[in-house]
Amino acid sequence: MPLGWLFLIVLLIAALGYAAGRRRALAGAGGSLRAMHSLPTAYGWNVAMAVLIPSLLVLAVWSLASPFVLDRTVAPMMAGQDGEIGLLMSDVRRVAEGLDLLGEDPASVSLEGLRERLAGAGVALGQDVSAATLAAAARYKELGARSALLQSVLVLAVALGMGAWAVRRTTPALRARNEVEWGIQGLLIAAALVAIATTIGIVLALIFNTIKFFQLYPASAFFFGTTWSPSFGGGSSLGILPLVWGTLYISLIALLVAVPLGLFSAVYLSEYASPRVRAWAKPMLEVLAGIPSIVYGLFALLTVGPALLAVFGSGGLGWMQGGTAVITAGLVMGIMLIPFVSSLSDDIINAVPQAMRDGSLGLGATQSETIRQVVLPAALPGIAGAILLAASRSIGETMIVVLGAGAAARLSLNPFDAMTTITAKIVSQLTGDQDFTSPEALVAFALGMTLFVVTLGLNILALWIVRRYREQYE
Amino acid sequence: MNDMRLFERAAAVDGVKISAKGVNVHYGTAHALKDVSVDIGDRLVTAFIGPSGCGKSTFLRCLNRMNDTIPSAAVTGRIELDGQDIYDRRVDPVQLRAKVGMVFQKPNPFPKSIYDNVAYGPKIHGLAKTRADLDVVVETALRRAALWNEAKDRLHAPGTGLSGGQQQRLCIARAIATEPEVLLMDEPCSALDPIATAQVEELIDELKQNYSVVIVTHSMQQAARVSQRTAFFHLGHLVEYGETGQIFTNPRDPRTESYISGRIG
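Residues numbered from 1 in each chain as written. Chains lettered and ligands numbered in written order. Predicted model: local features only at pLDDT ≥ 70, side-chain atom pairs only at ≥ 80, totals over all residues.

**Some details on the overall build of chain A**
Inference 1: Helix and strand content of chain A: 16 helices and two strands.
Inference 2: Computed over the C-alpha atoms, the radius of gyration of chain A is 32 Å, more than 25% above the 23 Å expected from 2.2 N^0.38 for a compact globule of 474 residues.
Inference 3: Overall, the C-alpha framework of chain A stretches about 85 × 75 × 35 Å when taken along its three principal axes.
Inference 4: Taking all 474 residues of chain A together, the buried fraction comes to 38%.
Inference 5: For chain A, the proportion of contacts with a sequence separation of at least 24, taken over those separated by at least 6, is 74%. (Helix = DSSP H or I, 4+ residues; strand = E, 2+ residues; numbered from the N terminus. Rg over C-alpha atoms; globule rule 2.2 N^0.38 Å. Buried ≥ 20, exposed ≤ 12 C-beta atoms within 10 Å, placed from the backbone. Contact = placed C-beta atoms within 7 Å.)

Next up, the structure:
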């Protein structure tokens, strides 16, 4: 039975269970709501949840697990063949799928021209179908059909069994509302767990692939190498230092742009602006944060780069070779970060108690003396946190540097040179077809891991600072 | 200090320090202060009493133009400090506030060291030329605020680490370090325990040797203990103003009598 149908039937059973639970509770109480512990709908939901949760759980687990089990069972049949077992098994799966599409019986099908017929049905194979592959495919198909049947039977049995059990235990005294509350809480926890599990999965994937990379390529050469020249033919140098340098250099320029501008606008907005100005200026600034970074990238490539080139390029001062350079990406990224710095700093400056300002003004300090000597020092830890968050954002930024900074991995002090960053190189290493066994592709994971550790560290530091600061005034 | 023989208290008047005539304050459309006229004497403690929301704090904030920091506040009328209209366009509120210091209801030390808290005003106004001068100014202010003995060994510890009463005395030290002529105190003891309150009251009594002190208080006992003149505010009106002894023993207005005897407020 296809999964969609199975799912619909389970839903139908749940709906019937809902009606049955509700009716049974009402009937038991003689129709009087006073005699019931919970509202009638709660009894209904209680039965519906008893049907849905276990049966859908079985459905999901079975669907996720059965391909692995099938592979494991069929794989020994292909053990004697040439080639990598993973590739052979994917052929087996494709043949099995193709036979379904052709509507041919694996027992009687002829090997002659099978590859062509499969191709005609839209299933492309890398080589001719061998007898062993066909046999494995037949076994795979048979086991797959059996698994699907078993799954349907089991899911329906669970749904019906749980439904019957839940309806039978429904009496007016049943604390259905409390049980439903428990169920809802469970659902919410499950939702949170999905996010956490995904994060853990990503981190594990990064770690394992990084380890795989370091088995192929020495870690010392990766972390301390000063040249980055990947070549898929082998013999590449994959030193991260030029990329780290490019990343830090561009981030530094971005922060040099974003911190003063963002901080000054935050001071203006929170201390000087009249409510009317603030009402439109703050949202306008925050619109900047809503612009997708690819648009900033276009802006860097098409506007800022040529403009800088006109001044610093060969027609002007002659320092710049092309429009893509550290300074181009840094300036544009700085503009992108302004709303980050300004909006967070604005919140933090506003959190400084008015009593501080009154105290200072009451001593005859001017407004700017008050801001410089009382408000900003009081807000400093929070502002530092905001800047660190902006820094971690700039280190992880990709599109602006891909379009604005160039592609040359280079260790140079000249901000008008093209350089590249960790993120941009991850993109270029993984664009196009890759097989994830060569160090040239796996290096992306090591780069990603490095980036992850750095930004995680910065974020933790920033959040720690911001939180410590918040407690100070609460 | 604590004697309640109000009639015998000397209330010698050196002269008028602040003179307010026909002061009205609006917050937006709310009329917070209605036609208040008061003469505040030099080297005296003047207490403002009255129920919450009666306008006494508003009037206090008019005296050093702190209401300027509230965008919706509009002040009309005339307030003179030593004969000079403080709302005149030529008067810089920043300079005015250096002369008319203020202590707030809640202790609000800056997140700086004790020393820097006290040195803040003198530094801003250039009252000390050298570091040694500044040390002297800080020590004098702390001594006069009766905080020197407790703070002298921890001058560079943060001011926020002091106890509530110490913090309030630090704020008073901070205010007197700028050598103001008038000290405004907005319920300076409302966040303090009785012992700290007694210390602050003693301090106020000493301060009147050099300053005129205006204190807003909710405690009628406190007003009776520390002040020579008392003004009673009610619903934005100045109901009665006179010698503290007369206000508390022989009020002329029935509303004053009801308030001090606890029937309203």
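**Quick look at the overall build of chain B**
Inference 1: Looking only at helices and strands, one finds ten helices and ten strands in chain B.
Inference 2: Counting only residues that meet the buried cut, chain B has 46% of its 265 residues in that class.
Inference 3: When contacts within chain B are restricted to residue pairs at least 6 apart in sequence, those whose partners lie at least 24 apart make up 71%.

**Some points on the sheet that holds strand β6 (residues 100–103) of chain B**
All names here are of chain B.
Inference 1: Spatially, six strands are ordered β6-β7-β8-β3-β9-β10 in an open sheet, and the strand pairing comes out mixed. The open sheet is flanked by β6 and β10 (237–243), the only strands paired with a single partner. Recorded for the sheet is a direction-independent mean angle of 15° between the axes of neighbouring strands.
Inference 2: In the sheet, strand β7 (residues 182–186) pairs with strand β8 (residues 212–216) via five bridges, with the strands oriented parallel. Of the residues in β8, the one forming a bridge with Val 182 is Ser 212. (Pairing = 2+ DSSP bridges. Axes fitted to C-alpha atoms, helices over the stretch in contact; angles between N-to-C directions.)

**Here's the deal with the sheet that holds strand β5 (residues 84–85) of chain B**
Residues and elements named next belong to chain B.
Inference 1: Ordered by their spatial adjacency, four strands build an open sheet running β2-β1-β4-β5, and the pairing between neighbours is antiparallel. The strands lining the two open edges of the sheet, one partner per strand, are β2 (30–41) and β5.
Inference 2: Where strand β1 (residues 16–27) lies against β2, eight bridges are found, and the strand directions are antiparallel. Across the sheet, the residue bridging to Tyr 27 is Ala 30, located in β2.
Inference 3: Across the sheet, helix α1 (residues 56–63) touches β1, β2 and β4 (73–81), and the angle it forms with β1 is around 120°.

**Topic: the interface of chain A and chain B**
Many descriptions give the size of an interface as the accessible area lost when the pieces come together.
Inference 1: With 15 residues of chain A at the interface, the matching set in chain B holds 23 residues.
Inference 2: At the level of secondary structure, the elements contributing two or more residues to the side of chain A that touches chain B comprise α12 (354–362) and α13 (367–396) of chain A.
Inference 3: Counting residues per element, the side of chain A that touches chain B draws most heavily on α12(A), at six residues.
Inference 4: Split into classes, the residues belonging to the side of chain A that touches chain B amount to eight nonpolar, five polar and two charged. (Nonpolar A, V, L, I, M, F, W, Y, C, P; charged D, E, K, R; others polar.)

**Quick word on unusual backbone geometry**
Residues and elements named next belong to chain B.
Inference 1: Backbone geometry at Asp 35 places phi at a positive 50°, although glycine is not the residue there.
Inference 2: When you line up the elements, Asp 35 lands in strand β2.
Inference 3: Look at Ala 146: it is not a glycine, yet its phi comes out positive at around 55°.
Inference 4: Note on placement: Ala 146 falls in the loop between α4 (131–144) and α5 (148–151).

**Side note on the pairing of strand β3 (residues 45–49) of chain B**
Residues and elements named next belong to chain B.
Inference 1: Buried residues dominate β3, accounting for five of its five residues.
Inference 2: As judged from the four bridges shared by β3 and β8, these two strands associate in the parallel manner. Among the inter-strand pairings, Ala 47 is bridged to a residue of β8, identified as Ile 215.
Inference 3: Across four bridges, the pairing between β3 and strand β9 (residues 229–234) is parallel. Looking at the pairing, Phe 48 lines up with Ala 231 of β9.

**Description of the domain arrangement of chain A**
Inference 1: Taken domain by domain, chain A consists of domain 1 (3–174) and domain 2 (228–472).
Inference 2: Put simply, the middle of domain 1 of chain A and the middle of domain 2 of chain A, counted by C-alpha atoms, are 49 Å apart. (Domains from an automatic or database assignment.)

**So, the nonpolar core**
Inference 1: Val332(A), Val341(A), Ala390(A), Ile400(A), Ala173(B), Leu183(B) and Val214(B) are the most contacted members of the largest nonpolar core, which has 157 residues in total.
Inference 2: The biggest single contributor to this core is helix α11 (residues 326–351) of chain A, with 15 residues.
Inference 3: When residues no more than four places from it in sequence are discounted, the contact partners of Val341(A) are Ala258(A), Val259(A), Gly262(A), Leu263(A), Ala386(A), Ile387(A) and Ala390(A).
Inference 4: Counting residues in hydrophobic clusters, the runner-up holds 27 residues, among them Ile13(A), Val51(A), Val158(A) and Val180(A). (Core = buried A, V, L, I, M, F, W, Y, C linked by C-beta atoms within 7 Å.)

**Side note on the packing of helix α8 (residues 241–272) of chain A against α13(A)**
Residues and elements named next belong to chain A.
Inference 1: Contact pair α8 / α13: the axes reach a minimum separation of 10 Å and the direction vectors enclose 145°. The hand of the α8/α13 crossing is right-handed. Mapping the contact onto sequence places Thr 247, Ser 251, Ala 254, Leu 255, Ala 258, Val 259, Leu 263, Val 267 and Glu 271 in α8 and Gln 367, Ile 371, Ile 383, Ile 387, Ala 390, Ala 391, Ser 394 and Ile 395 in α13.
Inference 2: Looking at the contact of α8 with α13, its residues break down into twelve nonpolar, four polar and one charged. (Left-handed = near helix turned anticlockwise from the far one by under 90°.)

**Here we look at the confidence of the model for chain A**
Inference 1: Put simply, chain A has an average pLDDT of 86, and 96% of its residues get 70 or more.
Inference 2: Element-level mean pLDDT values for chain A span from 78 in helix α4 (residues 114–120) of chain A up to 93 in α8(A). (pLDDT = per-residue confidence, 0-100.)

**Thoughts on helix α3 (residues 114–125) of chain B**
Inference 1: Looking at α3(B), one finds that the buried residues are Ile114(B), Asp116(B), Asn117(B), Val118(B), Ala119(B), Tyr120(B), Gly121(B) and Pro122(B).
Inference 2: Of the residues trailing α3(B), Gly126(B) is marked for its positive phi of about 65°.

**Remarks on the environment of Ala96(A)**
Residue and element names in this part refer to chain A.
Inference 1: Note that Ala 96 resides in helix α3 (residues 85–102).
Inference 2: Residue classification places Ala 96 among the buried positions, given that 24 C-beta atoms sit within 10 Å.
Inference 3: In this structure the C-alpha to C-alpha distance between Ala 96 and Ala 137, which are 41 residues apart in sequence, comes to 4.8 Å.
Inference 4: Not counting residues up to four positions away in its chain, the partners in contact with Ala 96 are Ala 137, Tyr 140, Lys 141 and Gly 144.

**A closer look at α4(B)**
All names here are of chain B.
Inference 1: Compared with an ideal rise of 1.5 Å per residue, which puts 14 residues at 20 Å, α4 spans 20 Å between its outermost C-alpha atoms and is within 8% of the ideal.
Inference 2: Here α4 has its buried residues at Val 137, Val 138, Ala 141 and Leu 142. Summarising the axial view, the buried residues of α4 lie within an arc of 125°, below the 170-degree limit, and thus occupy one face. Away from its buried face by more than 90 degrees, α4 exposes Ala 132 and Asp 133.
Inference 3: On the buried face of α4, the contacting elements are α3, α5 and α6 (164–177).
Inference 4: Directly beyond the C-terminal end of α4, a positive phi value near 55° is found at Ala 146. (Expected span 1.5 Å × (residues − 1). Arc of directions from axis to C-beta.)

**Some words on the confidence of the model for chain B**
Residue and element names in this part refer to chain B.
Inference 1: Residue-level pLDDT values for chain B average 87, and 94% of them are 70 or greater.
Inference 2: Within chain B, the lowest mean pLDDT, 87, falls on helix α7 (residues 194–207), and the highest, 94, falls on β3.
Inference 3: Across the interface, the model reports ipTM at 0.84; the global pTM reads 0.74.

**Some thoughts on the environment of Arg468(A)**
Residues and elements named next belong to chain A.
Inference 1: With respect to the secondary-structure elements, Arg 468 resides in helix α16 (residues 439–472).
Inference 2: Accessibility expressed as a C-beta count within 10 Å gives 12 for Arg 468, which makes it exposed.
Inference 3: Note: C-alpha distance between Arg 468 and Gly 382 (86 residues apart in sequence) is 8.6 Å.

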